[in-house]
Amino acid sequence: MSEQQHEHFPMHSHQHSHEFSNEQPDPAIFSETHSLVFLEKVSSEKIQQALTLWVEEIRDWAKGNAYLVGHIKIFVEGQENLWLSSTGGNINIKYSPEWSEWFTDKVSPSVTAIIFGTTKETLGEVAQVRLQACLDYL
Amino acid sequence: MNILLFGGFLGSGKTSIILQVARYLVETRKEGFSTRQTDSGKPSLVIIENEVGETGIDDKILRAEGLSVRDLFAGCICCTLNAELTICLNEIQEELSPQWVIIETTGMAFPDKIVATITKFGKGIDSIKTIVVADAERWDELSTVMPGLIEGQIAKADVILLNKIDCLEPKQVSDVKEGVRRINSSALFYAISAHHEVDPQVWREAVTDK
């Protein structure tokens, strides 16, 4: 997929009358919650690998196009919890105490990517396609 | 109600810090009762979570810790959702009257705009403290790419938490601190790493001391 390089971020007013600059970049936002049900139980390790891959791919896609990452976050809600986050560098991984031992046949990941320099449509398309590919791995 | 208004750019670590502050407040007994619940069974700490996306994540993280959370999604409480914030805050006051309300703003918000709104329209507010989290790791990048927002967030903070200092060398931390202090020299300032447990003394001084 080829992307156009953005040298300047699109600006908008954000409705502020402020002594500082009224204009700030308008980020593209992708935010969804999925309810996944598996035919058989899946290990937390595999879920973590799949979702970490998505964060890496969005981060690297943003970096490759010189976009600024606001943040990329995932939170997996269930009996156990997983929290992944990145601002364009390392991926921070936090989880509940029993996460590593967990096997489950259903899980609800909420995913958000806020990226400056691209459009909502472009981010949505890239994020959706790559998320589906990562979830297909499960 | 004592309001702690958390600002700071996206990814600066607001939610991680709020988790620690909330734990501190819950564990700190004030006037003979814990801050998680009063004798009436009502929570004494309520968090208002504002996120720009349609789906929240930070609210789920906070709820997973057993905290009481109200959501304001798909907009920013310093502009498009400022009326909703006032309504939400006044409902919390009428229904729960908690000792503490933590407001987590979006990373795009100007906290001083929010202070102006709730000072004018909020009910039952005893104090408001603006705590802004600055991202030490991305300070140079962010203050270059969007100086108006970064400076606007920091300029009127009561407390500045320079987070992620573990990602920098001491000299770099010192340089970033200098840059932050040039924008706001009067705020209480703490250099921290919320990746680790922060000294409770910081929370006592920055959060609960008047």
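All values reported here derive from a predicted model rather than from experimental measurement.

(A) Region of the structure containing the overall build of chain B. Counting its secondary structure elements, chain B contains eight helices and seven strands. Over its C-alpha trace chain B gives a radius of gyration of 16 Å, about what one expects of a compact globule, namely 17 Å for 210 residues. Working note: accessible area of chain B is about 8,400 Å², and carbon and sulfur atoms make up 48% of it. Taken as two groups, the 22 positive and 31 negative side-chain charges of chain B have centres that lie 4 Å from each other.

(B) Structural context of the sheet that holds strand 5 (residues 127-135) of chain B. Residue and element names in this part refer to chain B. Overall, parallel pairing links the seven strands, which are arranged 3-2-4-1-5-6-7 in an open sheet. Looking at the sheet topology across the chains shown, the edges are occupied by strand 3 (68-73) and strand 7 (188-191). When strand polarity is set aside, the average angle formed by the axes of neighbouring strands in this sheet is 20 degrees. Bridging between strand 2 (residues 45-51) and strand 4 (residues 100-104) involves five bridges; their strand directions are parallel.

(C) Representation of the pairing of strand 4 of chain B within the structure. Residues and elements named next belong to chain B. In terms of residue burial, strand 4 counts as a mostly covered element, since five of its five residues are buried. Judged by which residues are buried, strand 4 turns out to be covered on both faces: Trp100, Ile102 and Glu104 on one side and Val101 and Ile103 on the other are all buried. Examined bridge by bridge, strand 1 (residues 2-7) and strand 4 share five bridges and lie parallel to one another. Paired with Leu5 across the two strands is Ile103, which belongs to strand 4.

(D) Structural detail: unusual backbone geometry. All names here are of chain B. A positive phi angle, near 40 degrees, is found at Ser97, a position not held by glycine. Examined against the element boundaries, Ser97 turns out to sit in the loop between helix 3 (82-95) and strand 4. Overall, the relative accessible area of 42% leaves Ser97 in the partly exposed class. At Lys164, a position not held by glycine, the phi torsion is positive, near 70 degrees.

(E) Geometry of the pairing of strand 7 (residues 92-95) of chain A. Residues and elements named next belong to chain A. Inspection of the sheet shows strand 6 (residues 82-86) paired to strand 7 by four bridges, in the antiparallel sense. Looking across to strand 7, one finds that Ser85 is bridged to Asn92. Where strand 6 folds back onto strand 7 in an antiparallel hairpin, the turn is made up of five residues, including Gly88, whose phi is positive at roughly 115 degrees.

(F) Seen up close, the pattern of salt bridges. If you walk through the whole model with that rule in mind, you get 13 salt bridges over all chains. When the shortest N-O distance is used, the salt bridge between Arg59(A) and Asp60(A) registers 3.1 Å. Residues Asp135(B) and Lys164(B) are paired through a salt bridge, measuring 3.1 Å at the closest nitrogen-oxygen approach. Here Asp135(B) is found in strand 5, whereas its partner Lys164(B) is found in the loop between strand 6 (159-163) and helix 7 (170-183), with 29 residues between them in sequence. Each of Asp59(B), Arg63(B) and Asp71(B) takes part in one network of salt bridges that share partners.

(G) Geometry of the packing of helix 1 (residues 44-64) of chain A against helix 2 (residues 120-136) of chain A. Residues and elements named next belong to chain A. Their axes nearest at 9 Å, the elements helix 1 and helix 2 cross at an angle of 150 degrees. Judged by the angle between their axes, helix 1 and helix 2 are roughly antiparallel. Regarding helix 1 and helix 2, the two cross each other, and that crossing is right-handed. Contacts from Ala50, Leu51, Leu53, Trp54, Glu57, Ile58 and Trp61 of helix 1 reach helix 2 at Thr122, Leu123, Val126, Ala127, Arg130, Leu131, Cys134 and Leu135. Its residues assigned to classes, the contact of helix 1 with helix 2 shows twelve nonpolar, one polar and two charged.

(H) Just helix 3 of chain B, in detail. Residue and element names in this part refer to chain B. Relative to the 20 Å expected for 14 residues at 1.5 Å per residue, helix 3 spans 20 Å between its end C-alpha atoms, a close match to the ideal helical length. Looking at helix 3, one finds that the buried residues are Leu85, Thr86, Cys88, Leu89, Asn90, Ile92 and Gln93. Of the residues flanking the end of helix 3, it is Ser97, one or two places downstream, whose phi is positive at about 40 degrees.

(I) Here's a closer look at the nonpolar core. Residues and elements named next belong to chain B. Of all hydrophobic cores here, the largest spans 46 residues; its most connected members are Phe9, Ile48 and Ile103. No other element matches the four residues that helix 3 contributes to this core. For Ile48, the residues in contact, after removing those within four places along its chain, are Arg70, Leu72, Leu85, Cys88, Leu89, Ile92, Val101, Ile102, Ile103 and Glu104. Tyr24, Val26, Ala194 and Val207 belong to the second-largest nonpolar core, a separate cluster that totals 33 residues.

(J) Up close: the interface of chain A and chain B. At the interface, 34 residues of chain A touch 36 residues of chain B. Summed over both partners, the interface of chain A with chain B comes to about 2,800 Å²; 66% of that surface belongs to carbon and sulfur atoms. If you look at where chain A meets chain B, you find one salt bridge. The residue Asp58(B) makes a salt bridge to Lys73(A) at a minimum N-O spacing of 2.6 Å. For the pair chain A and chain B, the interface holds seven residue pairs in polar contact (both at pLDDT 80 or more). Among the elements of the structure, strand 2 (24-25), strand 3 (28-33), strand 5 (68-77), strand 7 and strand 8 (103-116) of chain A are those that each provide at least two residues to the side of chain A that touches chain B.

Rules and cut-offs
Residues numbered from 1 in each chain as written. Chains lettered and ligands numbered in written order. Predicted model: local features only at pLDDT ≥ 70, side-chain atom pairs only at ≥ 80, totals over all residues. Heavy atoms only, no water. Helix = DSSP H or I, 4+ residues; strand = E, 2+ residues; numbered from the N terminus. Rg over C-alpha atoms; globule rule 2.2 N^0.38 Å. Areas by Shrake-Rupley, 256 points an atom, 1.4 Å probe, with all protein chains shown as cover. Lys, Arg positive; Asp, Glu negative; His and termini not counted. Charge placed at Lys NZ, Arg CZ, Asp CG, Glu CD. Pairing = 2+ DSSP bridges. Axes fitted to C-alpha atoms, helices over the stretch in contact; angles between N-to-C directions. Buried < 20%, exposed > 50% of the residue type's maximum accessible area, 1.4 Å probe, protein only. Salt bridge = Lys/Arg side-chain N within 4 Å of Asp/Glu carboxyl O. Parallel < 35°, antiparallel > 145°, perpendicular 65-115°, else oblique. Left-handed = near helix turned anticlockwise from the far one by under 90°. Contact = heavy atoms within 4.5 Å. Nonpolar A, V, L, I, M, F, W, Y, C, P; charged D, E, K, R; others polar. Expected span 1.5 Å × (residues − 1). Core = buried A, V, L, I, M, F, W, Y, C linked by side-chain atoms within 4.5 Å. Buried area = accessible area lost by both parts, 1.4 Å probe. Polar contact = N/O pair within 3.5 Å; in protein donor to acceptor, adjacent residues only side chain to side chain.

It is worth stressing that arrangement in space is one thing and function is another; only the former is reported here.
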